[in-house]
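The primary structure of each chain is shown beneath.
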Amino acid sequence: ARLAAELPHAAATGPELAEEFAINLLWINALRGYSVDEAFVRFPELRRDATVPLQEMIDAQRLIWRGEIAKAREQMARLIARSELGTRFYALNRLYLCELELRCGHWDAAERLLAEWAESSDDEFVWPMYERCQAHLAAGRGNAVETERWVAETLARAAITDEGWNRLAAVHARGLGALAAGVTDAAITSLREVWEHTQSEG
């Protein structure tokens with residue numbers, strides 16, 4: 001609600017800031033369970049113009065979070081096929097497809113996507129998204145040493161960028177890795193931190 005109240009000020013500053021505000025508001029609403037269409041109903045100040053491809057990407061990610069895997073996979077495939085959207089948009093969608101495969105336990109598919117990422121020129125991303133996916137892959141395969149290595153890299157980069165999402169994802173991966181290794185106390189500590197954050201932040 002506070003972010004929505006700032007929309008008129010962002011719009012007055014210029015279209016780029018207004019679009020950034022709108023996208024952030026749509027992400028927040030998706031995290032709270034609302035579809036993009038529902039968000040536009042809740043916040044009539046939002047405009048649908050330049051953010052349409054990103055809206056579709058946000059809705060696809062929301063489907064992943066809800067466990068609607070088949071629908072999410074179809075939407076992600078459509079988005080990745082839209083080459084006119086540019087390499088950065090493609091790279092983001094590949095990241096989300098990788099996260100989908102990790103959630104499904106499709107380790108080989110996730111590894112292929114990460115290998116493709118490593119061979120490409122997507123080093124423009126300063127957020128540790130690649131590292132956090134590697135951490136979850138290692139945790140899923142029960143490799144405690146690799147999990148901790150990638151968690152440490154994710155946390156180090158997240159501290160530099162002050163980016164909380166990837167920090168939380170790294171702590172989650174650390175908990176899963178500890179769980180797979182049978183170190184229950186460490187798993188509880190990490191997973192409780194993630195759980196308490198999601199509870200306190202809605």
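Scroll up to find the structure this text is about.
A few points on the structure.

Criteria and thresholds
- Residues numbered from 1 in each chain as written.
- Predicted model: local features only at pLDDT ≥ 70, side-chain atom pairs only at ≥ 80, totals over all residues.
- Heavy atoms only, no water.
- Core = buried A, V, L, I, M, F, W, Y, C linked by side-chain atoms within 4.5 Å.
- Buried < 20%, exposed > 50% of the residue type's maximum accessible area, 1.4 Å probe, protein only.
- Helix = DSSP H or I, 4+ residues; strand = E, 2+ residues; numbered from the N terminus.
- Contact = heavy atoms within 4.5 Å.
- Salt bridge = Lys/Arg side-chain N within 4 Å of Asp/Glu carboxyl O.

**Notes on the nonpolar core**
Then step 1. Counting 36 residues, the largest nonpolar core has Leu 26, Leu 46, Met 57, Ile 58, Tyr 96, Cys 98 and Leu 114 as its most contacted members.
Then step 2. Among the elements that make up this core, the one with the highest residue count is helix H7 (residues 87-104) (7 residues).
Then step 3. For Cys 98, the contacting residues outside a window of four places in its chain are Ala 110, Leu 113, Leu 114 and Cys 133.

**Some words on the pattern of salt bridges**
Then step 1. Taken as a whole, this structure holds 12 salt bridges when the rule is applied.
Then step 2. A salt bridge links Asp 108 to Arg 141; the nearest nitrogen and oxygen atoms lie 2.5 Å apart. Of this pair, Asp 108 sits in helix H8 (residues 107-119) while Arg 141 sits in the loop between helix H9 (129-140) and helix H10 (144-161); the two residues are 33 residues apart in sequence, bridging distant segments of the chain.
Then step 3. Owing to a relative accessible area of 47%, Asp 108 belongs among the partly exposed residues under this scheme.
Then step 4. The partner of Arg 149 in a salt bridge is Glu 146, with the nearest N and O atoms 3.1 Å apart. Of this pair, Arg 149 and Glu 146 both sit in helix H10, separated by 3 residues, roughly a single helical turn.
Then step 5. When its relative accessible area of 37% is taken as the criterion, Arg 149 is described as partly exposed.
Then step 6. What emerges from the salt-bridge pattern is a single network uniting Arg 66, Glu 68 and Lys 71.

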